[in-house]
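Chain by chain, the residues:
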Amino acid sequence: MYFGIGGGKTSCSTGQLPSKELFQSNKLWQVPALKDGDFILTESSAILIYLSSKYQTADHWYPSDLWARARVHEYLGWHADSIRGVFGVPLWTKVLAPLIGVHVPEEKVERNRTTMARMLQQLEDKFLEDRAFLTGQQVSLADLMALEELLQPVAVGYDLFEGRPRLAAWRERVEAFLGSDLFQETHGPILNILEQMVNKQIPKPPPEVHLFMLLRISNIP
Amino acid sequence: MGLELYLDLLSQPCRAVYIFAKKNRIPFELRPVDLLKGQHLSDAFAQVNPLKKVPALKDGNFTLAESVAILLYLTRKYKVPDHWYPQDVQACALVDEYLAWQHTALRRSCLRALWHKVMFPIFLGEPVSPEMLEATLAELDVTVQLLEDRFLQNKTFLTGPHISLADLVAITELMHPVGAGCQVFEGRPRLAAWRQRVEAAVGEDLFREAHEVILKAKDSPPADPTIKQKLMPLVLAMIQ
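Residues numbered from 1 in each chain as written. Chains lettered and ligands numbered in written order. Predicted model: local features only at pLDDT ≥ 70, side-chain atom pairs only at ≥ 80, totals over all residues. Heavy atoms only, no water.

As for the overall build of chain A
Here is step 1 of the chain: Looking only at helices and strands, one finds ten helices and two strands in chain A.
Here is step 2 of the chain: Residues classed as buried in chain A amount to 52% of the 221 residues present.
Here is step 3 of the chain: Across chain A, every contact between residues at least 6 apart in sequence was considered, and the portion connecting residues at least 24 apart equals 67%.
Here is step 4 of the chain: Summed over all atoms, the accessible surface of chain A reaches about 10500 Å², with 55% contributed by carbon and sulfur. (Helix = DSSP H or I, 4+ residues; strand = E, 2+ residues; numbered from the N terminus. Buried < 20%, exposed > 50% of the residue type's maximum accessible area, 1.4 Å probe, protein only. Contact = heavy atoms within 4.5 Å. Areas by Shrake-Rupley, 256 points an atom, 1.4 Å probe, with all protein chains shown as cover.)

What follows is the structure in structure tokens.
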């Protein structure tokens, strides 16, 4: 399996490039990507569902119940339109854009901040409500996808959970469920990204990915 | 009350849900929600979908938003032919992969093309700068090329030899720029041939019926000022 920090397509900027062979098959230059024998799969939600089905993981991750599964898909659909792309922006404005000498205008940073606040409200009101987890009383793929995305702005100094006790309690529950060892192992690289930047430990992106990075930056609304 | 679907066929995911339900003879009550009149913003509709978006589904006391979730719910509940969303783990994963990709790629490009080329200038009376329009159409071109090169390749359908949810979701997206007058299939014989196969698989009549609204979008009368004021913030949020 191939991963990069921060989800999305950012690994291309850290210099840890997957094999050329995978690039050719995966023209989107995207992580995560999965290779299982000859079978190659991209898109995080598709990979999570594939792993859940193939390895018959505990039912709560991707419930077999018609309604419970529909709730997971409802979240994943909303997540793709409303969470992804929005919560990744602070990492771009604070870390990745400066890495190639680009400054994102304050107006865009502010707009992103407003959009994040609106989406967090929807996340609380429509999905979390008074439940333990986003799609029910047990943790599912939805919680995993959501938490990972929300931790990106947290890593660069946005306290998204301040003034949101329900959401903060949800975060605690998901983290407790995953266990602190796994959590630390998974989030070490992202949670100290600012420190890495200050110490100039983040490798300069190779020139061939600059164009892609500029395109991503110009797409920030 | 049985299955109710809240749809406006102006919306691309609504067309996918509509075609899927009709093609598979799933009985439902159509609950029209007129987006251009702002009906999705009403309190009554918020009871069905607090996100105030179409499509939405109501099945007894169960309500569900998000087109992909709705399509998958219908697939499982009504036991439709396997090719739509195969039981085979890898074949199914390829459909999931496409459905995830389109959210951030084709959906964005097709929506922007329609709004920048037609709905802003004609319906809302707001001019779009030539630079903005050019950038939007260039992005659409890149995304459609990706669809052809990365997903369709030389296959009959996007994820294999048979039609799946991926094809339905893709064709209903592409008809958005077609409705705006963009020639997305021109110079792309592989994609044009795929379109013919998809249309034949769902049935020409059903396909035409589902796309009547979008193909007339160019002739929308201008919005009245109250409606425009109501819709503008949402349109801007959606299109940014």
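What follows continues from the structure just given.
Side note on the overall build of chain B
Here is step 1 of the chain: A count of helical and extended segments in chain B gives ten helices and four strands.
Here is step 2 of the chain: Computed over C-alpha atoms, the radius of gyration of chain B comes to 18 Å, within 12% of the 18 Å expected from 2.2 N^0.38 for 240 residues, which places it in the range of a compact globule.
Here is step 3 of the chain: Along the first, second and third principal axes, the C-alpha set of chain B runs to 50 × 50 × 30 Å.
Here is step 4 of the chain: In chain B, buried positions account for 57% of the 240 residues.
Here is step 5 of the chain: Total accessible area on chain B stands at roughly 10200 Å², and carbon and sulfur atoms take up 55% of it. (Rg over C-alpha atoms; globule rule 2.2 N^0.38 Å.)

Regarding helix α1 (residues 12-23) of chain B
Residue and element names in this part refer to chain B.
Here is step 1 of the chain: With twelve residues, α1 ought to run about 16 Å at 1.5 Å a step, and its terminal C-alpha atoms sit 17 Å apart, in line with that.
Here is step 2 of the chain: With respect to burial, α1 is a largely interior element, ten of its twelve residues being buried.
Here is step 3 of the chain: Taken together, the buried positions of α1 are Q12, P13, C14, R15, A16, V17, Y18, I19, F20 and A21.
Here is step 4 of the chain: Buried positions along α1 lie against β1 (3-7), α3 (67-77), α5 (106-123), α7 (165-179), α8 (189-202) and α9 (204-215).
Here is step 5 of the chain: Once α1 ends, the next one or two residues include R25, with phi positive near 50°. (Expected span 1.5 Å × (residues − 1).)

Observations regarding the interface of chain A and chain B
Here is step 1 of the chain: Counting from both sides, the interface comprises 39 residues of chain A and, opposite them, 33 residues of chain B.
Here is step 2 of the chain: Both faces considered, chain A and chain B share a buried interface measuring about 2900 Å² in area, 62% of it formed by carbon and sulfur atoms.
Here is step 3 of the chain: The interface formed by chain A and chain B contains one salt bridge.
Here is step 4 of the chain: Considering each element in turn, the side of chain A that touches chain B owes the most residues, twelve residues, to helix α3 (residues 66-82) of chain A. (Buried area = accessible area lost by both parts, 1.4 Å probe. Salt bridge = Lys/Arg side-chain N within 4 Å of Asp/Glu carboxyl O.)

Things to note about the UniProt feature "domain: GST C-terminal" (unreviewed entry) in chain A
Here is step 1 of the chain: Annotation from UniProt places "domain: GST C-terminal" (unreviewed entry) at residues 65-206 of chain A.
Here is step 2 of the chain: Here residues 65-206 of chain A runs as 69% helix and 0% strand, with 47 Å between its end C-alpha atoms. (UniProt positions renumbered as here; feature names shortened; annotations may be inferred.)

With respect to α3 of chain A
Residue and element names in this part refer to chain A.
Here is step 1 of the chain: Its 17 residues place the ends of α3 24 Å apart at the C-alpha level, agreeing with the 24 Å of an ideal helix rising 1.5 Å per residue.
Here is step 2 of the chain: Burial analysis of α3 places 13 of its 17 residues in the buried class, the great majority of the element.
Here is step 3 of the chain: Measuring from the backbone nitrogen of W67 back to the side-chain oxygen at the start of α3 gives 3.1 Å, which picks out D65 as the cap. (Polar contact = N/O pair within 3.5 Å; in protein donor to acceptor, adjacent residues only side chain to side chain.)

As for the sheet that holds strand β3 (residues 56-59) of chain B
All names here are of chain B.
Here is step 1 of the chain: Ordered by their spatial adjacency, four strands build an open sheet running β2-β1-β3-β4, and the pairing between neighbours is mixed. At either end of the open sheet lies a strand with only one pairing partner, and these are β2 (29-32) and β4 (62-65). Each adjacent strand pair in this sheet contributes to an overall mean axis angle of 20°, direction not counted.
Here is step 2 of the chain: As defined by bridge partners, β1 adjoins β3 across four bridges and the pair is classed as antiparallel. The residue of β3 that forms the bridge with L5 is L57.
Here is step 3 of the chain: The sheet contacts of α3 involve β1, β3 and β4, and relative to β4 the element is tilted by about 130°. (Pairing = 2+ DSSP bridges. Axes fitted to C-alpha atoms, helices over the stretch in contact; angles between N-to-C directions.)

Remarks on the domain arrangement of chain B
Residues and elements named next belong to chain B.
Here is step 1 of the chain: Parsing chain B into structural domains produces domain 1 (3-83) and domain 2 (84-239).
Here is step 2 of the chain: Taken together, the contact between domain 1 and domain 2 spans 29 residues of the former and 35 residues of the latter.
Here is step 3 of the chain: Summing the contributions of domain 1 and of domain 2, the shared interface buries around 2800 Å²; its carbon and sulfur component is 71%.
Here is step 4 of the chain: A per-residue breakdown of the area domain 1 buries against domain 2 is headed by Q12, I19 and H83, which together make up 25% of the total.
Here is step 5 of the chain: Elements with a contribution of two residues or more to the side of domain 1 that touches domain 2: α1 and α3.
Here is step 6 of the chain: Examining the composition of the side of domain 1 that touches domain 2, we find that nine residues originate from one element, α1, more than from any other.
Here is step 7 of the chain: Residues belonging to the side of domain 1 that touches domain 2 are distributed by class as follows: 15 nonpolar, eight polar and six charged. (Domains from an automatic or database assignment. Nonpolar A, V, L, I, M, F, W, Y, C, P; charged D, E, K, R; others polar.)

Quick look at the UniProt feature "domain: GST N-terminal" (unreviewed entry) in chain B
Here is step 1 of the chain: The positions UniProt marks with the feature "domain: GST N-terminal" (unreviewed entry) are residues 1-82 of chain B.
Here is step 2 of the chain: End-to-end, the C-alpha atoms of residues 1-82 of chain B are 28 Å apart, and along that stretch the chain is 35% helix and 21% strand.

Some remarks on the UniProt feature "domain: GST C-terminal" (unreviewed entry) in chain B
Here is step 1 of the chain: Following the UniProt record, the feature "domain: GST C-terminal" (unreviewed entry) maps to residues 88-222 of chain B here.
Here is step 2 of the chain: With 73% helix and 0% strand, residues 88-222 of chain B has its two end C-alpha atoms placed 49 Å apart.

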